[in-house]
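Chains, contacts and geometry: an overview
Residue strings, one per chain:
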Amino acid sequence: MIGLISATSAGQRGCEHLAAAWPDEVRVYDGPVREAVERAFGECDQLVCFLATGAVVRLIAPLLRGKDTDPGVVTVDETHQHAIALLGGHGGGANALAQRVADVLGGRPVVSTATDAVGVPGLDMLGWPVEGAVAAVSRAILDGDPVRLDTPHGVHPLPALPPNVTAATDSDVSLVVTDRVTSDDAAAATVLLRPPSLVVGVGGSRGVSVDEVLTLIGGALADAGLSPRSVAALATVDAKADEAGIVEAAERLGVPLLTFGADRLAGIDVPNPSEAPLAAVGTPSVAEAAALAAAPGGELLVPKRKSAPERGAAMATAAVARRRPRGRLAVVGLGPGARDLLTPRAREELRRASVIVGLDQYVDQIRDLLRPGTRILESGLGAEEERARTAVEEARAGHAVALIGSGDAGVYAMASPALAEAADDIDVVGVPGVTAALAAAAILGAPLGHDHVSISLSDLHTPWDVIERRVRAAAESDLIVTFYNPRSRGRDWQLPKALSLLAEHREPGTPVGVVHAASRPDERSEVTTIEALDVTTVDMVTVVTVGNTATRNVAGRMVTPRGYRWQA
C-alpha cells in the first residue's frame with residue numbers, strides 16, 4: 001500500500017491525481033501531518049509526501065529502523081515538478097515509485113542512488129535474492145575495478161553489466177550466480193545472486209503436516225548444500241493438489257505449487273521408482289518425477305528421500321531438481337520514431353536486456369537508453385532472417401535479448417521471423433509499439449474510424465497476384481486501406497495499380513492521406529484524393545491511407561464515421 005500525505009491544497013490535488021491513477025494501491029492520510037506520517041510509515045510499504053524534503057527528513061528521522069524494513073519514501077514539491085526518491089531507493093522501491101509519480105504528475109524523477117545515476121543495475125534490483133558484500137562489490141563495479149562474474153551452472157538472463165564485470169576477469173571481487181551454499185558465502189568481497197533454479201518435488205500421505213513437509217525440504221536442501229532462496233516452485237501429482245500440508249508448505253515458502261497428471265509422471269525415468277505411489281496415485285514416482293517434470297532438461301540433484309518424524313511413520317517424500325537456465329527474448333516495437341512514442345514497457349525491456357539485436361538505424365534511435373556493457377548486434381537492410389536467428393541463438397545461450405523493430409514488432413517486422421525460429425526452450429515476451437498506420441492516422445485526423453486493413457505493396461516476399469487479390473477484396477468490401485511500403489525506386493508501378501483497383505469502387509474525390517516519416521523531424525503530410533494524389537511524393541517511409549465511401553474531408557482532416565449515417 002502507498003500512503004499519500006499532503007499539507008496544502010496543491011498537495012491535496014497531487015494526492016487526488018495519484019489516487020485516481022492508482023485506485024487500488026493508495027491510501028490518503030488526513031489530519032495533522034506529523035500524525036499522518038507516523039501512521040503511514042508504520043502501515044504502508046511506500047509513502048508519497050507532498051511536503052518539503054527537509055520537513056519530511058525531520059518527520060521520519062525518529063521512525064527509521066533499518067533499510068530492510070523501512071518503507072520507500074518519495075517527496076514531491078509544491079508545483080509537482082520533481083518527485084524525489086528520499087528513502088529506500090532500492091529496497092523500498094522509492095526510485096521506481098519516483099518515476100511512476102513523475103509519469104502521472106508530468107514532472108521529473110530525482111534519483112541519487114549511485115548505480116541508478118550511471119545506468120548500472122543495482123545488485124539488489126536484479127529481481128533475485130542477493131547475499132554477501134553488496135556495498136563493497138557495488139562500489140567496485142561503480143569504480144571500474146575488476147569484478148569476476150562466476151556462473152557455474154550456466155548463463156542466466158541478467159541485465160547488461162559494465163565491461164569491468166566479466167567471467168574472464170581475474171579478481172578477488174566476485175559476483176557469483178549460484179544456488180549452492182559455498183565457502184564464498186562469507187567472503188569479504190563476494191556477492192551471491194540466487195537464481196530461481198531449484199524445484200522441489202514433494203509426495204505425501206493423506207494428512208501429512210506442513211511441518212513435516214518443510215522439515216524434510218529444509219534438510220534435503222541443507223544436506224545437498226543448496227540455498228532455499230533459489231527454490232522456485234514445489235511440484236507434485238494432481239492427486240495431491242489439495243493436500244493441505246503440501247499446499248501450505250508452498251505458501252510458507254512463497255512459491256507456486258505445480259501439479260502434473262499421474263500419466264505424465266509415470267512416463268518419466270527416475271532412479272527410485274516404488275510400488276507404493278503406483279498403487280496410491282497411479283505413478284511409480286511422485287517426488288522425483290514431479291521435480292523433473294517441473295525442470296525440463298534439468299538434472300536431479302537430490303534423489304528421493306523420506307521424512308523422519310520423531311514419532312510415527314514417514315508421511316512425506318522430497319526430491320530436488322535444477323532447472324536448465326532459460327534465456328529470454330523480448331521482441332520490442334520502438335514505435336514510429338519519436339522518443340515520446342516509445343512506450344515505458346519498451347524502455348524497461350531495453351534496460352533489462354544484455355544483448356540488443358536490430359537494424360542499425362533502429363539501434364541508433366535507442367542507443368542512449370541502453371545500459372553500459374550492453375552488447376549490440378546490428379546489421380543493415382535485408383538481413384531480417386539473419387537478425388531473427390541471431391536473437392534466438394543468443395537467447396538459447398541464456399542471455400536476456402531484445403530484438404527491436406520499428407512501429408509494432410509484430411506488424412511487417414521482426415516478431416514473425418523470430419518466433420518462427422524460437423522453440424519452447426526460451427521465454428518470449430512481446431512488447432507492442434505504436435504502428436506507422438496509427439501514427440499516420442493521428443496526424444491525418446480520424447481516418448480509421450471504421451473497419452480497416454493494412455496491406456504491404458512490397459512484392460519482395462509476397463507475389464503481386466496475392467497482393468492484388470487482397471487489394472481487390474478490400475475495395476469490394478469498402479474497407480479503409482493503409483498501404484505500407486507503397487513505393488520505392490525499383491517499385492514505382494504498384495501504388496498506381498493499387499489505387500486504380502480501389503477507384504473501381506470509390507469516387508475520384510475519396511480522401512487519401514499521405515504521411516511521410518510520421519513523428520520524425522522530417523515529417524510531412526497532406527490530405528488529398530484518389531484522383532489528385534501525386535504518387536511521386538511517396539516513398540518507402542510514407543504511409544498512404546485511402547478512405548472508404550463514408551470518409552470525408554472535414555476542415556482539412558480525414559474523418560471516417562463509426563457508421564454509415566453520413567451517406568444517408
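In case you missed it, the structure is sitting above this.
For the structure given in this document, a descriptive report is provided here. Predicted model only: the values in this text are computed from it and were never measured.

Cut-offs and rules
- Residues numbered from 1 in each chain as written.
- Predicted model: local features only at pLDDT ≥ 70, side-chain atom pairs only at ≥ 80, totals over all residues.
- Heavy atoms only, no water.
- Helix = DSSP H or I, 4+ residues; strand = E, 2+ residues; numbered from the N terminus.
- Buried < 20%, exposed > 50% of the residue type's maximum accessible area, 1.4 Å probe, protein only.
- Areas by Shrake-Rupley, 256 points an atom, 1.4 Å probe, with all protein chains shown as cover.
- Lys, Arg positive; Asp, Glu negative; His and termini not counted.
- Charge placed at Lys NZ, Arg CZ, Asp CG, Glu CD.
- Pairing = 2+ DSSP bridges.
- Axes fitted to C-alpha atoms, helices over the stretch in contact; angles between N-to-C directions.
- Contact = heavy atoms within 4.5 Å.
- Left-handed = near helix turned anticlockwise from the far one by under 90°.
- Core = buried A, V, L, I, M, F, W, Y, C linked by side-chain atoms within 4.5 Å.
- Phe/Tyr/Trp six-rings, centres within 6.5 Å; stacked < 30°, edge-to-face > 60°.
- Arc of directions from axis to C-beta.
- Polar contact = N/O pair within 3.5 Å; in protein donor to acceptor, adjacent residues only side chain to side chain.

1. A short note on the overall build of the chain
The number of helices and strands found in the chain is 18 helices and 29 strands. Counting only C-alpha atoms and orienting by the principal axes, one finds that the chain spans roughly 90 × 65 × 55 Å. Buried positions account for 47% of the 568 residues belonging to the chain. For the chain, the accessible surface area stands at approximately 26400 Å², while carbon and sulfur atoms represent 50% of it. The positive charge centre, built from 52 side chains, and the negative charge centre, built from 70, are 1 Å apart in the chain.

2. Overview of the sheet that holds strand S5 (residues 82–87)
Strand order in the open sheet formed by six strands is S2-S1-S3-S4-S5-S6, with mixed pairing between adjacent strands. Strands with a single pairing partner mark the edges of an open sheet, and in this sheet they are strand S2 (26–29) and strand S6 (108–110). Averaged over all neighbouring strand pairs, the angle between strand axes comes to 25°, with direction disregarded. Relative to S2, strand S1 (residues 2–6) runs parallel, the two being bridged by four bridges. Of the residues in S2, the one forming a bridge with Gly3 is Arg27. With respect to the sheet, helix H3 (residues 53–60) is in contact with strand S3 (46–50), strand S4 (72–76) and S5, its orientation differing from that of S5 by roughly 25°.

3. Here's the deal with the packing of helix H17 (residues 464–476) against helix H18 (residues 494–503)
When two helices pack together, their arrangement is given by the angle between the helix axes and the distance between those axes. H18 packs onto H17 with a crossing angle of 30° between their chain directions and a minimal axis gap of 8 Å. Viewed along their axes, H17 and H18 form a crossing whose handedness is right-handed. Residues Trp464, Glu468, Val471, Arg472 and Ala475 of H17 pack against Gln494, Lys497, Ala498, Leu501 and Leu502 of H18.

4. Some words on the nonpolar core
Formed by 22 residues in total, the largest nonpolar core has its most connected members in Ile455, Leu457, Val471, Phe483, Leu495 and Val546. Those elements that provide at least two residues to this core are H17, strand S24 (480–484), H18, strand S25 (511–516) and strand S27 (542–546). Discounting residues that sit within four places of it in the chain, Val471 has contacts with Ile455, Leu457, Phe483, Ala498, Leu501 and Leu502. Ranked by size, the runner-up nonpolar core spans 21 residues in total, among them Ile217, Ala220, Leu226 and Ala250.

5. Some points on the packing of aromatic side chains
Evaluated as defined, the whole model comprises two aromatic pairs. Taken together, a centroid distance of 4.8 Å and an interplanar angle of 50° make the contact between Tyr412 and Tyr484 tilted. Here the residue Tyr412 occupies a position in the loop between strand S20 (400–405) and helix H15 (415–421), and Tyr484 occupies one in strand S24, the gap between them amounting to 72 residues. We classify Tyr412 as partly exposed; its relative accessible area is 43%.

6. Examining H3
Where H3 is concerned, the buried positions are Val56, Leu59 and Ile60. Each buried residue of H3 sits inside an arc of 85° when the element is viewed along its axis, so together they form one side. Looking at the packing, one finds that the buried side of H3 touches helix H2 (33–43), S3, S4 and S5.

7. What about the side chain of Ser456?
Tracing the backbone through its elements, the reader meets Ser456 in strand S23 (residues 452–456). Ser456 gets classed as buried once you look at its relative accessible area, which sits at 14%. A polar atom in the side chain of Ser456 sits 2.9 Å from the side chain of Asn485. Beyond its immediate chain neighbours, meaning those up to four positions away, Ser456 contacts Tyr412, Ile467, Tyr484 and Asn485.

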